[in-house]
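Descriptive analysis of the structure
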Amino acid sequence: MADDHPFPRGFLWGAATSAYQVEGSPLADGAGPSIWHRFTRTPGAVVNGETGDRACDHYGRWRADLEVLAELGLDAYRFSIAWGRVLPEGTGRVNGKGLDFYQRLVDGLLERGIQPMITLYHWDLPAALDDRGGWCNPDSPRWFADYAQVLFRALDDRVGHWVTLNEPWVSTVLGYLSGDHAPGRRGLAEPPWVAHHQLCAHAEAVAAYRALGCHQIGISLNLEPQHAVSDTAADQAAAVRRHAFINRWFLDPILFGRYPTALADIFGPAWPDFPDADLARIQAPLDFLGVNYYSRGLVCHDPAEQPLQARRITPNDRPCTAMDWEVYPAGLTETLLWLKQRCPTLPIYITENGAAFDDPDPVAGLVQDPRRVDYLREHLAAARLALEQGVDLRGYFAWSLLDNFEWSLGYAKRFGLVHVDFATQQRTIKASAAFYRAFIQAQRDA
Ligand code: FCB
């Protein structure tokens, strides 16, 4: 199966999940509730009123899930830590039982020869911190750095890769601008500060890691090329704005210590003057950049869409996933080549890539998901194309290991390589998992 250009030796093959999406038992063993625990109890917030209370019961079934990872022949597993399991109030007291869960998980992975990649924050802020203003509070970077240090001290002897934040753009824009995600706030005044405090939090955690850690630390950003739907000047300008808004809002300060000037135009008077000293700290060097890639943005001008005046459209003449996201593998190559120009020496991991489809039920111990097989095959080819053009790509993590709780869309959107029957918690391999296992094996044999 491997053709003439295998992936490099040592390339890390993995799969990813996040705590709230898979663990379930959100309050077990003394854990404190998160903003997602609270948000899912808000009427109308999540499709069918679903919650992460059970999810995949990974908290109870983690051993069996590690066996699944081993069966797939993966080198690495990216998962996130629920802040509130470790620090139920968000700051201060450490909950030993919560920390023990992650100690066991890390040890269990290593026993099976699988490297852990840990995300410190995948959107589940402790509710106690939201009561103190959440990411709007200028103390939030300090809270995060203190939490991160607890984990570095406990686990860095066994963990080679740390991700500070997952997709801070999504938690800022959906959490504080559109209100579609927890904590469900809407408005223009908070998002610039929420973004800034998350970037400061990232920087404080990286600084703490430089003092305490001896492996690698980075951040995972959602990146996607923005293409205008037509060549009118208005649509072209809309695509440029959306590019600054999505791709550069977090990347520019991290790489260059400044925000794109377009953001001041987009937010108007709501855009603050940020302290230079913060931006200098945010620019601290990273060991790697995590890229989460799903689709491209096909963009049109739309004055009704505030504050951006630009909107992503779903093309009706192109294959799309169950999320209505266009299947556009060339955008992965484009994104990686764009990064090579901007940060030529920074190693890159694809920390998420995958697709939701309306899969059939399992038959004879297998789920047939040919469209996900195609999606994976095409995106792996797109990644390899980038490697051939000199991108320093070090690994690939499929999203997701398991079907899971897809945030405000609940359980209907299935992204897993492995099917989960949410009534019985039965796991069933999908054809895409078998494809991925064979693909990885072929790389090793090449
Ligand atoms: C990403 C998130 C991840 C999952 C996928 C589909 O934006 O990081 O948790 O929801 O999308």
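One can find the structure itself at the top, above this paragraph.
All of the points below concern the structure found in this document.

Calculation criteria
- Residues numbered from 1 in each chain as written.
- Predicted model: local features only at pLDDT ≥ 70, side-chain atom pairs only at ≥ 80, totals over all residues.
- Heavy atoms only, no water.
- Near = heavy atom within 4 Å.
- Polar contact = N/O pair within 3.5 Å; in protein donor to acceptor, adjacent residues only side chain to side chain.
- Areas by Shrake-Rupley, 256 points an atom, 1.4 Å probe, with all protein chains shown as cover.
- Nonpolar A, V, L, I, M, F, W, Y, C, P; charged D, E, K, R; others polar.
- Helix = DSSP H or I, 4+ residues; strand = E, 2+ residues; numbered from the N terminus.
- Buried < 20%, exposed > 50% of the residue type's maximum accessible area, 1.4 Å probe, protein only.
- Pairing = 2+ DSSP bridges.
- Axes fitted to C-alpha atoms, helices over the stretch in contact; angles between N-to-C directions.
- Contact = heavy atoms within 4.5 Å.

**Quick notes on the site of the ligand**
- Around the ligand, the neighbouring residues are Gln21, His122, Trp123, Asn166, Glu167, Tyr294, Glu352, Trp399, Glu406, Trp407 and Phe415.
- At 2.8 Å from an oxygen atom of the ligand is found a side-chain nitrogen or oxygen belonging to histidine 122.
- Between an oxygen atom of the ligand and a side-chain N or O atom of glutamate 406, the distance comes to 2.8 Å.
- Expressed as a share of its isolated accessible area of 290 Å², the protein-covered part of the ligand is 95%.
- Partitioning the shell around the ligand into residue classes produces five nonpolar, three polar and three charged.

**Some remarks on unusual backbone geometry**
- Looking along the chain, the bond that leaves alanine 182 and enters proline 183 is cis, with omega of 5 degrees.
- Along the chain, proline 183 turns up in the loop between α8 (168–176) and α9 (190–212).
- In this structure, serine 25 takes a positive phi of about 45 degrees despite not being glycine.
- Positionally, serine 25 belongs in the loop between α1 (19–22) and α2 (35–39).
- Residue classification places serine 25 among the partly exposed residues on the basis of a relative accessible area of 25%.
- A positive phi angle, close to 60 degrees, is found at asparagine 48, a residue other than glycine.
- Inspection of the secondary structure assignment puts asparagine 48 in the loop between α2 and α3 (58–71).

**Quick word on the sheet that holds strand β1 (residues 12–16)**
- As summarised here, the arrangement of the eight strands in space is β1-β2-β3-β4-β5-β7-β10-β11, forming a closed barrel in which the pairing is parallel. Taken over all neighbouring pairs, the strand axes of this sheet differ in orientation by 25 degrees on average, direction set aside.
- Across four bridges, strand β4 (residues 161–166) lies against strand β5 (residues 216–222) in parallel orientation. From the neighbouring strand, valine 163 faces β5, where its bridge partner is glycine 218.
- The sheet strands contacting α9 are β3 (115–121), β4 and β5, and the helix crosses β5 at an angle near 160 degrees.

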